6 protein chains.
Amino acid sequence: MPFVKISVTRDGVTKEQKQQLIKGVTQLLKDVLNKDFHLTHVVINEVDTDNWGMAGEQVTEILLSKMK
Amino acid sequence: MPFVKISVTRDGVTKEQKQQLIKGVTQLLKDVLNKDFHLTHVVINEVDTDNWGMAGEQVTEILLSKMK
Amino acid sequence: MPFVKISVTRDGVTKEQKQQLIKGVTQLLKDVLNKDFHLTHVVINEVDTDNWGMAGEQVTEILLSKMK
Amino acid sequence: MPFVKISVTRDGVTKEQKQQLIKGVTQLLKDVLNKDFHLTHVVINEVDTDNWGMAGEQVTEILLSKMK
Amino acid sequence: MPFVKISVTRDGVTKEQKQQLIKGVTQLLKDVLNKDFHLTHVVINEVDTDNWGMAGEQVTEILLSKMK
Amino acid sequence: MPFVKISVTRDGVTKEQKQQLIKGVTQLLKDVLNKDFHLTHVVINEVDTDNWGMAGEQVTEILLSKMK
């Protein structure tokens, strides 16, 4: 029954990394709560950096200012 | 007031099917909870098959293994 | 794979009504998208009327003003 | 700690408008709940008009019927 | 059409503060995106401090360690 | 920046188990995507078994039928 939604910025997460996240979270729910593998769903929500804000700033701008 | 979010894999859901989901859910909330049509919002969230995992596997891989 | 989240105000939804919502949405996803019953998850999220706002007002206040 | 998700239809929201939403919501949480700027995250979720329904109709159709 | 979900820790947010959040967000969406007041829904999701983690720690523990 | 929401049925998850979930998910995002611990937020959403449905049935009923 568990449903896990992982929201991250869209910045080149690979198919392999997504698979590692899915496997890792499913294993964690088995280890901690003894949830049957077959019941766990994981969704990865990639968010454009223009659409994510922290501390009042767009992540796009935060990343740009770090590059300077 | 109801707000319904339907998450499905992105695999060719047509505009007509989306309309049927919206109409069907809105009618269901009218039938079961007597919610005024004008208050019901429905959002359909299409998720890439690389980004959805079940039983520790990406849906992309599950679909591929079924085709073999 | 479908995951459906139904958010409604907490105002006495009964266990039977919840069951009707779950059955109805699961059937709809079978009818429209041919989704296997066993893959559909439905979560009903009941929200206190103080915590839901429409048109800038708390639902609690909207309901009270209608009773006058 | 606050996390705010703003879902709107995808209809040409500009980068500047997104920045204004992020700044405005972060300021609001500071003003009302005294939440430290650095703890507030805002995500803007743009939804295709085919994927949003109101009153049983797709927003795409509602907008088209208004233009006639 | 906008739908805004504000998640905060459950730590005594008052009914008046909730009303201020609802009014403020609705006004912001009017100011920035010219969204009609009547279309904006706001839901405040209060989360127990045991159920929210930051930097790998429960907020309950973070708050306790600050009080020492 | 990551934000992770874990939805599980409310069936006696302990404070310690919640802490293990928070630590485990935060570590996973560090290991797989190299995300700074301080940026990861985790929320655990416990859902009453009457409010979660699988395969068209309430989890409450599924659990009861398994006990017979």
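Scroll up a little and you will see the structure.
Residues numbered from 1 in each chain as written. Chains lettered and ligands numbered in written order. Predicted model: local features only at pLDDT ≥ 70, side-chain atom pairs only at ≥ 80, totals over all residues. Heavy atoms only, no water.

### Things to note about the pairing of strand E2 (residues 41–47) of chain A
A large share of E2(A) lies buried, amounting to six of its seven residues. Strand direction decides the pairing type here: strand E1 (residues 3–9) of chain A and E2(A), joined by seven bridges, are parallel. In the sheet register, Val4(A) faces E2(A), and the bridge partner there is Val42(A). Relative to strand E3 (residues 52–54) of chain B, E2(A) is paired through three bridges, and the arrangement is antiparallel. The partner of His41(A) across the bridge, within E3(B), is Met54(B). (Buried < 20%, exposed > 50% of the residue type's maximum accessible area, 1.4 Å probe, protein only. Helix = DSSP H or I, 4+ residues; strand = E, 2+ residues; numbered from the N terminus. Pairing = 2+ DSSP bridges.)

### What to know about the arrangement of the chains
Structurally, chain C and chain D remain out of contact, their C-alpha atoms never closer than 14 Å. Where chain A comes nearest to chain E, the C-alpha atoms are still 14 Å apart, and the two do not contact one another. (Contact = heavy atoms within 4.5 Å.)

### With respect to the relation of the copies chain E and chain C
Taken together, a rotation about one axis and a shift along it account for how the two chain copies relate. Superposing chain E onto chain C takes a rotation of 120 degrees plus a shift of 0.0 Å along the axis, which leaves an RMSD of 0.0 Å. What the rotation and shift describe, once combined, is the action of a three-fold rotation axis. Residue Asn45(E) of chain E places its C-alpha closer to the rotation axis than any other residue of that unit, at 5.9 Å. Both copies present different contact surfaces, since only 6% of the interface residues of chain E are interface residues in chain C too. (Least-squares fit on C-alpha atoms with pLDDT ≥ 70 in both.)

### Considering the sheet that holds E1(A)
Strand order across the open sheet formed by eight strands is E4(B)-E3(B)-E2(A)-E1(A)-E1(F)-E2(F)-E3(E)-E4(E), with mixed pairing between neighbours. Each edge of the sheet is formed by a strand with only one pairing partner; in this case those strands are strand E4 (57–58) of chain B together with strand E4 (57–58) of chain E.

### A look at unusual backbone geometry
A positive phi angle, near 55 degrees, is found at Ala55(A), a position not held by glycine. Classification of Ala55(A) by relative accessible area gives partly exposed; the value is 22%. One non-glycine residue, Asn34(D), lies in positive phi territory at about 60 degrees. With respect to the secondary-structure elements, Asn34(D) resides in the loop between helix H1 (15–33) and strand E2 (41–47).

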